[in-house]
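Spelled out, the chains give:
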Amino acid sequence: MPLKLDNESELREAQAALFNINSKGGWLIINYVGPSTIHFSAGGENFSDIAPLLEDDQIQYGVVRIGDIQEKGALKTTVRDVFFCWIGPGVGILEKGKKAAFLGDAEQILQPYHASITVVNKENFNRETVLDRSHPLSGSHVID
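In short, a report on the structure. Given the structure is predicted, the values throughout are model-derived calculations rather than measurements.

Calculation rules
- Residues take numbers from 1 onward in each chain, read along the sequence in its written order.
- This being a predicted model, a pLDDT of at least 70 is required before a residue's local features are given, and a value of 80 or more before pairs of side-chain atoms are given or counted; all residues contribute to the totals for chains, interfaces and linings.
- With hydrogens and water set aside, each side-chain value is computed from the structure's full complement of heavy atoms.
- By definition, any uninterrupted DSSP run of H or I lasting at least four residues is a helix, any uninterrupted run of E lasting at least two residues is a strand, and each is numbered from the N terminus.
- Here the term buried applies to any residue with accessible area under 20% of the maximum for its type, exposed to any over 50%, and partly exposed to those in between, with areas from a 1.4 Å probe on protein chains only.
- By definition in these notes, contact holds between two residues if any of their heavy atoms fall within 4.5 Å.
- Should a side-chain nitrogen of Lys or Arg be within 4 Å of a carboxyl oxygen of Asp or Glu, the pair is scored as a salt bridge.

1. A few points about the environment of L54
So, point 1. As for its position among the elements, L54 is in the loop between β3 (37-44) and β4 (59-70).
So, point 2. For L54, a relative accessible area of 2% corresponds to the buried category.
So, point 3. Taking C-alpha positions, L54 is 12 Å from L28, a pair spaced 26 residues apart along the chain.
So, point 4. Ignoring anything within four residues of it in the chain, the contact list for L54 reads I29, Q60, F84, W86, K122 and F125.

Have a look at this one:
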């Protein structure tokens, strides 16, 4: 059974508003509201607003746009859109296994993005760490 999104029109509106061509930053989060149903729950512009929304007993997905990235050797700045999967410390092993099957569906729903990371420690979920872990040459794509 594939993952279902119960409010797709709201998600698409948020994606269009937050990730337009002139956007330098933004984020959105989707939560589970049933065993295989997700719901767009929040979006915003300030990176610091994300961590308080990550629930310890939930698996959540999202996309964050980080702008004004100065790449080495380049004169202009760029943006990076990063898909993230939050796995709260209170999520049981069985629940992790059940939801792992839906990761690909969530990635499809939230595309396009440049990189995919897993977050297991929200204390370390900040702009600098996301930039580091989402870099193509990063050894680890996990924020722990």
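Back to the text.
2. Considering the pattern of salt bridges
If charged atoms from side chains of opposite charge come close, those side chains can pair.
So, point 1. For the structure on display, the rule yields six salt bridges.
So, point 2. Here D81 ties to R65 by a salt bridge, and the two come within 2.7 Å at their closest N and O atoms. Taken together, the residues D81 in strand β5 (residues 77-87) and R65 in strand β4 connect sequence positions 16 residues apart.
So, point 3. Here D81 falls in the buried class, since its relative accessible area comes to 7%.
So, point 4. Between R133 and D132 there is a salt bridge whose closest N-O contact spans 3.2 Å.
So, point 5. Under the relative-accessibility criterion, D132 is labelled partly exposed at 43%.

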